[in-house]
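Per-entry structural report
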Amino acid sequence: MHNGPVTVCSVLSTLRESGVECDLFGGWAEELLGLCPPRDHADIDLVYRGADFGAIDALLASKGADIDEVTGKRFRHKRAFRFNGVICEILLVEDWQHQPFTLFWGDIHFAWNPPFLHPHAVHLMDQPVSVVHADNLRAYRAGFKSLQNHRWFDPKSRIP
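Notes on the structure follow. Since we're looking at a predicted model, the values are computed, not measured.

What about the overall build of the chain?
- The number of helices and strands found in the chain is 4 helices and 9 strands.
- Listing every helix and strand of the chain by position from the N terminus yields α-β-α-β-α-β-β-β-β-β-β-β-α.
- Since a compact globule built from 160 residues should have a radius of gyration of about 15 Å, the 15 Å found for the chain is in line with a globular shape.
- If one aligns the C-alpha atoms of the chain with their principal axes, the spans along those axes are about 40 × 35 × 30 Å.
- Put simply, the chain has 160 residues, and 50% of those count as buried.
- Of the contacts made within the chain by residues no fewer than 6 positions apart, 56% connect residues no fewer than 24 positions apart.
- Counting only carbon and sulfur atoms, one obtains 54% of the accessible surface of the chain, whose full area is about 8200 Å².
- Looking at charge distribution, the chain has the averaged site of its 16 positive side-chain charges lying 7 Å from that of its 20 negative ones.

Next up, the structure:
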């Protein structure tokens, strides 16, 4: 399946229908907020606001028809799945109503700026979509290298 607006809306709808609310993040959010020009996207980045990945893990364990977990991307701060062939990555954001943060790799505290979300839903194919605030998208992009992405390849970083 092509990673276009239809796929983004389908992913968000499927998650919502399963009882999981996620917000759009990464390149798609940047594009919808006008922070970058339209372009091809390799994946769909999302955030899940919660204390843990309990709801996400339950959904992934249910092995829904459209969702297939990518176990190689199961970390303290992230989960991933394929949705009809398109990789979707979900980042955990804790304490999002007060001092939102993500604990990368279990030991790198990344503080998000309040408000965490863009103040209004952005429309994609006539559907309202919740997106991460532009300030947070910029801050994440600027600090990405400091989050030690080389740990992707460290087996000790993975959660069974």
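Some details on the sheet that holds strand 4 (residues 78-83)
- The strand order across the open sheet built from 5 strands is 1-2-5-4-3, with neighbouring strands paired in mixed fashion. Across the chains shown, the open sheet's two edge strands, defined by having one partner strand only, are strand 1 (23-25) and strand 3 (67-69). For this sheet, the mean angle separating the axes of adjacent strands, direction not counted, is 35°.
- One ladder, built from 6 bridges, connects strand 2 (residues 44-49) with strand 5 (residues 86-93); its direction is parallel. Across the sheet, the residue bridging to Y48 is L92, located in strand 5.
- Helix 3 (residues 54-61) contacts strand 2, strand 3, strand 4 and strand 5 of the sheet and is inclined by roughly 35° relative to strand 4.

The rules behind these values
- Per chain, residue numbering runs from 1 following the sequence as it is written.
- Thresholds applied to this predicted model are a pLDDT of at least 70 for local features of residues and 80 or more for the giving and counting of side-chain atom pairs; totals over whole chains, interfaces and linings are not thresholded and use all residues.
- Remark: hydrogens and water are excluded; side-chain values derive from all non-hydrogen atoms of the structure.
- Secondary structure counts use DSSP, requiring at least four H or I residues in a row for a helix and at least two E residues in a row for a strand, with both numbered from the N terminus.
- This radius of gyration counts C-alpha atoms alone. The globule rule is 2.2 Å times how many residues there are, raised to the power 0.38.
- The rule is simple: take the accessible area with a 1.4 Å probe, protein chains only, and divide by the maximum for that residue type; under 20% is buried, over 50% is exposed, in between is partly exposed.
- Throughout, a residue-residue contact means that at least one pair of heavy atoms, one from each residue, lies within 4.5 Å.
- The method behind every accessible area is Shrake-Rupley, applied with a 1.4 Å probe, and residues are considered shielded solely by the protein chains displayed.
- Note on charges: Lys and Arg go in the positive column, Asp and Glu in the negative column, and His and the chain ends are not counted at all.
- Positions of charges follow a simple convention, taking NZ of Lys, CZ of Arg, CG of Asp or CD of Glu.
- Strand pairing follows a simple DSSP-based rule, namely that at least 2 bridges must link the two strands.
- The angle between two axes is taken between their N-to-C directions and runs from 0 to 180 degrees, where each axis is a line fitted to C-alpha atoms and a helix contributes only its stretch in contact.

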